[in-house]
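Single-letter residue listing:
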Amino acid sequence: MCHGFTGSPQSVRPWADHLAGRGLSVSLPLLPGHGTRWQDMQLTGWQDWYAEVDHALRELRERCSQVFVCGLSMGGALALRLAARHGDAVSGVVLVNPGNKVHGLAARALPVVRHFVPSTKGIASDIAKPGAQEVGYDRVPLHAAHSVRRFFQLVDAELPQVTQPLLLMHSPEDHVVPPADSARILARVSSRDVTERLLERSYHVATLDHDAERIFEDTYAFIGRLSGVGSEEGTAARG
């Protein structure tokens with residue numbers, strides 16, 4: 001399970017806890033440069049973030065008969081690359097408001113501006129539910145933003161290599177990632193088993209928002225349909 005850019009495992013922990021509570025093995029890595037202070041993230045890039053989730057996947061493969069990859073926001077892009085690169089070692093993909101592109105004119109300026117301006121306003125806690133809060137940086141480090149822009153371009157080119165069953169859930173009103181990103185992912189993957197769900201009551205961090213329980217239940221049902229989890233035989237050691 002992959003968390004998002006400038007965020008932390010806190011944003012997806014209830015999702016992970018729900019699946020673990022149903023008897024699944026769950027790995028929830030902290031991406032390098034995250035969970036401390038934004039200045040630490042300036043020293044990391046997409047290669048570091050991807051290496052962390054790739055390692056987590058390989059560890060699960062050693063003890064689980066099947067592995068599913070899940071991701072929120074940039075974590076969705078990480079999950080898609082895992083699927084593209086690992087093929088049959090990944091049994092299915094679950095995405096919530098996945099990122100595919102850094103939008104706007106500012107994105108084009110990133111290669112230059114990042115050398116003069118260290119950070120910009122943060123993107124954490126885009127949540128409709130009153131009182132809910134995401135633990136994330138209040139600043140976006142621009143070196144890291146440039147890296148994630150390049151990573152999105154890389155993953156976009158690899159989307160046709162994604163063939164696994166896909167469950168994609170996205171919010172029509174999202175102030176961080178526009179619905180166009182989900183539409184492009186759906187149009188470019190080669191998956192034939194595709195399910196799309198709209199999260200009408202939630203903003204970007206939907207895993208902490210009004211539709212959270214629906215995300216959790218739909219994810220478990222998706223995994224169960226493909227793996228037999230919840231059947232009479234049981235499957236306690238599946239990720």
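Preceding this paragraph is the structure being described.
Bear in mind that the values here come from a model prediction, so they are computed numbers and not experimental data.

**Describing the nonpolar core**
Burial of nonpolar side chains together is a common tendency in soluble globular proteins.
Now for step 1: Among the nonpolar cores identified, the biggest contains 40 residues, and Phe-5, Trp-49, Met-74, Leu-78, Leu-80, Val-93 and Leu-95 are the most heavily contacted of them.
Now for step 2: Of all the elements in the fold, those that place two or more residues in this core are α2 (38–41), α3 (46–63), α4 (74–86), β2 (92–96), α6 (142–158) and β5 (166–170).
Now for step 3: Top contributing element to this core by residue count: α4, with 8 residues.
Now for step 4: Once you skip the residues sitting within four places of it in the chain, Leu-80 turns out to touch Val-93, Leu-95, Val-155, Leu-159, Val-162 and Ile-185.
Now for step 5: By size, the runner-up hydrophobic cluster in this structure holds 26 residues, among which are Leu-167, Ala-206, Leu-208 and Tyr-220.

**Comments concerning the pattern of salt bridges**
Now for step 1: Overall, the coordinates contain 9 salt bridges when judged by the stated rule.
Now for step 2: As a salt-bridge pair, Arg-188 and Asp-156 come within 3.5 Å of each other at their nearest N and O atoms. With a gap of 32 residues between them, Arg-188 in helix α7 (residues 179–188) and Asp-156 in helix α6 connect regions that are remote in the sequence.
Now for step 3: Salt bridges linked by common partners bring Asp-156, Arg-184 and Arg-188 together as one network.

**Things to note about the packing of aromatic side chains**
To describe a pair of aromatic rings, one takes the distance between the centres and the angle between the planes.
Now for step 1: Overall, the coordinates contain 3 aromatic pairs when judged by the stated rule.
Now for step 2: Ring geometry for Phe-5 and Trp-49: centres 5.8 Å apart, planes at 65°, overall edge-to-face. On the criterion of sequence distance, the pair formed by Phe-5 in the segment before α1 (13–21) and Trp-49 in helix α3 is long-range, its members being 44 residues apart.
Now for step 3: Owing to a relative accessible area of 0%, Trp-49 belongs among the buried residues under this scheme.
Now for step 4: For the ring pair Phe-68 and Phe-222, a centre distance of 6.4 Å and an interplane angle of 75° mean the geometry is edge-to-face. With a gap of 154 residues between them, Phe-68 in strand β1 (residues 68–72) and Phe-222 in helix α8 (residues 212–227) connect regions that are remote in the sequence. Of the two residues, Phe-68 and Phe-222, both sit in the buried class.
Now for step 5: Arg-22 extends its terminal NZ or CZ atom over the ring of Tyr-220, reaching a point 4.5 Å from the ring centre.
Now for step 6: A cation over a ring is seen here: Arg-81 above Tyr-50, with NZ or CZ 4.8 Å from the ring centre.

About the cut-offs
Residues numbered from 1 in each chain as written. Predicted model: local features only at pLDDT ≥ 70, side-chain atom pairs only at ≥ 80, totals over all residues. Heavy atoms only, no water. Core = buried A, V, L, I, M, F, W, Y, C linked by side-chain atoms within 4.5 Å. Buried < 20%, exposed > 50% of the residue type's maximum accessible area, 1.4 Å probe, protein only. Helix = DSSP H or I, 4+ residues; strand = E, 2+ residues; numbered from the N terminus. Contact = heavy atoms within 4.5 Å. Salt bridge = Lys/Arg side-chain N within 4 Å of Asp/Glu carboxyl O. Phe/Tyr/Trp six-rings, centres within 6.5 Å; stacked < 30°, edge-to-face > 60°. Lys NZ or Arg CZ within 6 Å of the ring centre and 35° of its normal.

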